[in-house]
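# Observations on the model geometry
If you want the building blocks of each chain, they are given just below.
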Amino acid sequence: AGDPQTLRLHLLASLLPPPATPKEKGVGVSGSTRGTPSRESVPHARGAIEVVVTALCACLGHARYPQSRCLGLRLLPGFCVHVSSVRTIVDAVVPVVLRLSADPDPAVRCAAILCLTDILKMLPGDPSATWDSRAFATES
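Source: prediction; values computed, not measured. (Residues numbered from 1 in each chain as written. Predicted model: local features only at pLDDT ≥ 70, side-chain atom pairs only at ≥ 80, totals over all residues. Heavy atoms only, no water.)

## A look at helix 3 (residues 66-80)
Compared with the 21 Å implied by 1.5 Å per residue over 15 residues, the 21 Å span of helix 3 between its first and last C-alpha is a close match. A large share of helix 3 lies buried, amounting to eleven of its 15 residues. Looking only at helix 3, the buried set comprises Ser68, Arg69, Cys70, Leu71, Gly72, Leu73, Leu75, Leu76, Pro77, Phe79 and Cys80. (Helix = DSSP H or I, 4+ residues; strand = E, 2+ residues; numbered from the N terminus. Expected span 1.5 Å × (residues − 1). Buried < 20%, exposed > 50% of the residue type's maximum accessible area, 1.4 Å probe, protein only.)

## Regarding the packing of helix 4 (residues 86-100) against helix 5 (residues 106-122)
Packed helix pairs are specified by the crossing angle of their axes together with the interaxial distance, meaning the distance between the axes. In contact at an axis separation of 8 Å, helix 4 and helix 5 are set at 155 degrees when each is read in the N-to-C sense. Overall, the two elements helix 4 and helix 5 adopt an arrangement that is roughly antiparallel. Our pair here, helix 4 against helix 5, has a crossing hand that is left-handed. Counted together, Ile89, Val93, Val94, Val97, Leu98 and Leu100 of helix 4 and Val108, Arg109, Ala112, Cys115, Leu116 and Ile119 of helix 5 form the full contact between these two elements. Tallied by class, residues from the contact of helix 4 with helix 5 come to eleven nonpolar, no polar and one charged. (Axes fitted to C-alpha atoms, helices over the stretch in contact; angles between N-to-C directions. Parallel < 35°, antiparallel > 145°, perpendicular 65-115°, else oblique. Left-handed = near helix turned anticlockwise from the far one by under 90°. Contact = heavy atoms within 4.5 Å. Nonpolar A, V, L, I, M, F, W, Y, C, P; charged D, E, K, R; others polar.)

Here it is as structure tokens:
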């Protein structure tokens, strides 16, 4: 008996893998020391996490309550750690987070800025080839 968006976000939270240790952090971490199978041993898992990230971004854009948007923004970096495609992060995630950084609610704006810094820290050292994406295109 709650907001459907909040329920979806809580469902996505239950799918979130455990947090990465400092030496496991980074885009496209493939192995794990927790006894779980790596993404190489589960071929469909590589694309599955990208679907989850895309679905979470779609939910964030339409979440009714600020608490739902904040929860989704807190979940997003944890999922992005496991995304192997920098292009997916830059094209699908960053535009949504940038849009939420202009949200009317101050808690959402704060969560968006924290999320954006976490996500940008995950990108490779010089992602200049990816900066031509629609996330940074100027609208005319």
